[in-house]
Amino acid sequence: MVMDINEIRDYLPHRYPFLLVDRVTELSLGESIVGYKNVSINEPFFNGHFPHHPIMPGVLVLEALAQVCGILGFKTVNKLPADGYVYYLVGSDNVRFKRPVMPGDRLKLEAKVEREKRGIWKFACRATVEGELACEADIICAERKVS
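Since the model is a prediction, treat every value here as computed from it, not as a measurement.

Draft legend 1. Looking closely at the pattern of salt bridges. Enumeration according to the criterion identifies 6 salt bridges in this entry. Here Glu-143 makes a salt bridge to Lys-79, at a shortest N to O gap of 2.6 Å. Within this pair, whereas Glu-143 is found in strand β6 (residues 132–145), its partner Lys-79 is found in the loop between α2 (58–77) and β3 (85–97), the two being separated by 64 residues in sequence. Here Glu-143 falls in the buried class, since its relative accessible area comes to 13%. Here Arg-99 ties to Asp-105 by a salt bridge, and the two come within 3.2 Å at their closest N and O atoms.

This is how it looks when you write it as structure tokens:
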């Protein structure tokens, strides 16, 4: 299953400059997802992080991973943000950054469901660039109905 940016926008409430998933190339409902973020020098955060040595902030790498987790959760339970649902990032454990992410990198975002109970999801996540580990983390998301 492949999702282009138009379908991704149906499953994530985020918009520019905070939409951090460009494509989904693999998705197994209730199990795993693989997506990509194409990192461009035109990203607004590179103006200040850092002007002479641009590096994608680690918290945004973590956010990109959380966004693919949200897509997997939404697709699995067959709900949409338009239906009044949101996935909140509620926790992260064992976060490790192994290499910087820079303009021109294609950030591969992988998440696997470890467990789900009453709308609380735990995912094992990895972000890589050309096969090299950039970040790994356990991410916890909560599905909530918003009014």
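Draft legend 2. Focus on the side chain of Lys-75. Looking at the element boundaries, Lys-75 is found in helix α2. Polar contacts involving the side chain of Lys-75 include one to the side chain of Glu-7, which spans 2.9 Å.

Draft legend 3. Inspection of unusual backbone geometry at higher detail. The step from Tyr-16 to Pro-17 runs through a cis peptide bond, and the omega angle for that step is 5°. Examined against the element boundaries, Pro-17 turns out to sit in the loop between α1 (5–11) and β1 (23–28). Across the junction of His-49 and Phe-50, the peptide omega takes the value -10°, indicating a cis bond. Topologically, Phe-50 is positioned in the loop between β2 (32–38) and α2. At Asn-78, a residue that is not glycine, the phi angle is positive and equals roughly 60°.

Draft legend 4. Inspection of α2 at higher detail. Compared with an ideal rise of 1.5 Å per residue, which puts 20 residues at 28 Å, α2 spans 29 Å between its outermost C-alpha atoms and is within 8% of the ideal. Among the 20 residues that make up α2, 16 are buried, leaving the element largely enclosed by the rest of the structure. At the exit of α2 stands Asn-78, carrying a positive phi of roughly 60°.

Draft legend 5. Summary view of the sheet that holds β3. Sheet architecture is open: 6 strands sit in the order β1-β2-β4-β5-β6-β3, paired in antiparallel fashion. Each having just a single partner strand, β1 and β3 make up the two edges of the open sheet. The sheet shows a mean angle of 20° between the axes of neighbouring strands, direction not considered. In terms of strand pairing, strand β5 (residues 120–129) meets β6 through 10 bridges, oriented antiparallel. Opposite Val-129, over in β6, you have Glu-132 as the bridge partner. Along the sheet face, α2 touches β1, β2, β3, β4 (106–117), β5 and β6 and points at about 135° away from the line of β3.

Criteria and cut-off values
- Residues numbered from 1 in each chain as written.
- Predicted model: local features only at pLDDT ≥ 70, side-chain atom pairs only at ≥ 80, totals over all residues.
- Heavy atoms only, no water.
- Salt bridge = Lys/Arg side-chain N within 4 Å of Asp/Glu carboxyl O.
- Helix = DSSP H or I, 4+ residues; strand = E, 2+ residues; numbered from the N terminus.
- Buried < 20%, exposed > 50% of the residue type's maximum accessible area, 1.4 Å probe, protein only.
- Polar contact = N/O pair within 3.5 Å; in protein donor to acceptor, adjacent residues only side chain to side chain.
- Expected span 1.5 Å × (residues − 1).
- Pairing = 2+ DSSP bridges.
- Axes fitted to C-alpha atoms, helices over the stretch in contact; angles between N-to-C directions.
- Contact = heavy atoms within 4.5 Å.

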